[in-house]
Amino acid sequence: MISVSPVKPDFVAVIGNVDLREPLNDDVFAEIDAAFNRYGVLVFHGQPLTEDQQNGFANRFGPLGYPIAPFRPENVERLARKESADISNVDEHGRVLPESDPRVLITRANALWHTDSTFKRTPAKMSMLCAQSVVPEGGETEFADMRAAWDALPESRRRGLEGLIAEHDYFHSRMKVGLDPATLTPERRALLPPVPQVFIRTHPTNGRKSLYLASHIRRIYGMSEADGQSLVQELVEHATQRQFVYAHQWAVDDVVLWDNRCTMHRGRPHDPSIPRVMRRATAMDVGPSVPEK
Ligand code: OGA
Ligand code: MN
């Protein structure tokens with residue numbers, strides 16, 4: 001049996017008594033999966049996973065997602081597998097990237113409250129970070145419980161939100177962190193066209209509803225862009241009040257995974273001259289949140 005130590009009654013649990021380097025038998029995985037569906041964020045300490053071990057574990061949750069990084073220079077990957085996302089501030093030689101490097105854009109965008117890959121038609125179900133180098137101060141990852149945030153809204157407010165559809169666009173969040181619109185070539189645009197996502201999600205395993213928000217939302221259908229943005233801002237502020245948030249302080253070899261169907265997250269600032277090196281694996285959802293015609 002794994003050990004499950006909840007941090008809050010139904011949000012975030014520390015999991016012990018399991019070695020993620022070994023292939024997990026179905027019973028052990030089922031216990032982890034049940035905790036994932038209940039707590040939304042799982043923390044494992046002391047798990048020095050190789051890239052293959054991480055991807056193998058992530059793959060138990062669903063098909064692996066491939067990062068699309070339109071501003072990364074080609075042929076300078078730090079990581080061996082195309083499925084792995086490089087969440088670091090270092091180059092392929094381990095040197096800290098200068099602010100001018102296009103790879104810094106992802107770190108800056110990750111500092112905004114978001115949900116992973118909602119800019120893809122089929123968004124991410126689960127994301128998993130392995131910490132390889134951590135910073136002594138700052139650099140936490142914060143998670144917000146979007147189910148608790150939904151539950152805390154007055155009934156009258158909730159009624160007006162169900163049924164809304166939002167348009168998510170990768171380049172929208174990148175523009176917010178300083179992407180030069182001139183670099184948004186038609187080729188890059190075609191790589192990641194804007195996509196619709198439901199605004200309120202229902203968790204398939206337990207029926208709990210949650211707000212489905214991200215920095216990638218450009219507009220809400222049927223509303224002016226300004227009205228959509230102020231609604232999103234109001235709800236992000238509501239959902240990220242301290243009582244809904246857990247801040248993870250990283251240690252080397254921590255593995256943290258989260259359910260993108262019911263949580264939002266962001267990375268906190270730190271001294272940019274210190275290496276912070278994380279590797280992410282992502283499992284995709286079963287299909288689009290808005291059915292394809
Ligand atoms: C991510 C992400 C935040 C962080 O990897 O998806 O948003 O703290 N990371 O690195
Ligand atoms: Mn993210």
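Let me sum up the structure you'll find in this document. All of these numbers come straight from a predicted model, not from anything done at the bench. (Residues numbered from 1 in each chain as written. Chains lettered and ligands numbered in written order. Predicted model: local features only at pLDDT ≥ 70, side-chain atom pairs only at ≥ 80, totals over all residues. Heavy atoms only, no water.)

1. Some thoughts on the overall build of the chain
Applied cut-off: The secondary structure listing takes helices from DSSP runs of H or I that are at least 4 residues long and strands from runs of E that are at least 2 residues long, numbered from the N terminus. The globule rule used here is 2.2 Å times the number of residues to the 0.38 power, and the radius of gyration it is set against is calculated over C-alpha atoms. The buried label applies to any residue whose accessible area, calculated with a 1.4 Å probe on protein chains only, is under 20% of its type's maximum; exposed applies above 50%, and partly exposed to all values in between. The Shrake-Rupley method, run with a 1.4 Å probe sphere, supplies the accessible areas, and residue values consider only the shown protein chains as cover.
When helices and strands are counted, the chain shows eight helices and 15 strands. Taking 293 residues into account, the globule formula puts the C-alpha radius of gyration at 19 Å, and the chain, at 18 Å, falls close to it. Referenced to the eigenvectors of the C-alpha coordinate spread, the extents of the chain come out at roughly 50 × 45 × 40 Å. Sorting the 293 residues of the chain into buried and exposed places 52% on the buried side. Summed over its atoms, the accessible surface of the chain is roughly 13200 Å², and 52% of this surface lies on carbon and sulfur atoms.

2. Considering the sheet that holds strand β14 (residues 263-267)
The test is simple: Pairing between two strands is assigned when DSSP locates at least 2 bridges connecting them. Fitting a line to C-alpha atoms yields each axis, with helices limited to the stretch in contact; the angle taken between N-to-C directions then spans 0 to 180 degrees.
Sheet architecture is open: three strands sit in the order β12-β6-β14, paired in antiparallel fashion. Unpaired on one side and paired on the other, β12 (245-248) and β14 mark the two borders of the sheet. Direction aside, the axes of adjacent strands within the sheet are offset by 20° on average. As defined by bridge partners, strand β6 (residues 141-145) adjoins β12 across four bridges and the pair is classed as antiparallel. Of the residues in β12, the one forming a bridge with E142 is A247.

3. Thoughts on the coordination of the manganese ion (ligand 2)
We apply this condition: In this analysis a donor is any N, O or S atom within 2.8 Å of a metal ion (3.2 Å for sodium, potassium and calcium), and since water is not included, sites may seem incomplete.
Those donors, H114 (NE2), D116 (OD) and H265 (NE2), are the protein atoms that reach the manganese ion (ligand 2), and they lie 2.1 to 2.2 Å from it. Summarised as a motif, the one-chain spacing of the donors to the manganese ion (ligand 2) is H-x1-D-x148-H. Taking the relative accessible area as the measure of exposure, H114 reaches 4% and is therefore buried.

4. A word on the packing of aromatic side chains
Formally: Two aromatic rings, drawn from Phe, Tyr or Trp (for Trp, its six-membered ring), form a pair once their centres lie within 6.5 Å of each other, and the interplanar angle then sorts them: stacked below 30 degrees, edge-to-face above 60, tilted otherwise. Here, over-ring charges are defined by two tests on the NZ atom of lysine or the CZ atom of arginine: distance to the ring centre within 6 Å, and angle to the ring normal within 35 degrees.
Taken as a whole, this structure holds eight aromatic pairs when the rule is applied. On the numbers, 5.2 Å between centres and 55° between planes, the contact of F143 with W258 is tilted. Of the two residues, F143 sits in strand β6 while W258 sits in strand β13 (residues 255-259), which places them 115 residues apart along the sequence. With respect to burial, F143 and W258 carry one shared label: buried. Where Y170 meets F171, the ring centres are 5.1 Å apart and the plane angle is 85°; that geometry is what we call edge-to-face. For Y170, a relative accessible area of 6% translates into the label buried. The class for F171 is buried, based on a relative accessible area of 0%. Among the aromatic residues, ring-to-ring pairing joins F29, F36, F44, F57 and F61 into one connected group. Directly above the aromatic system of Y212 lies the positively charged group of R201, at a separation of 4.8 Å from the ring centroid.

By themselves these figures say nothing about function.
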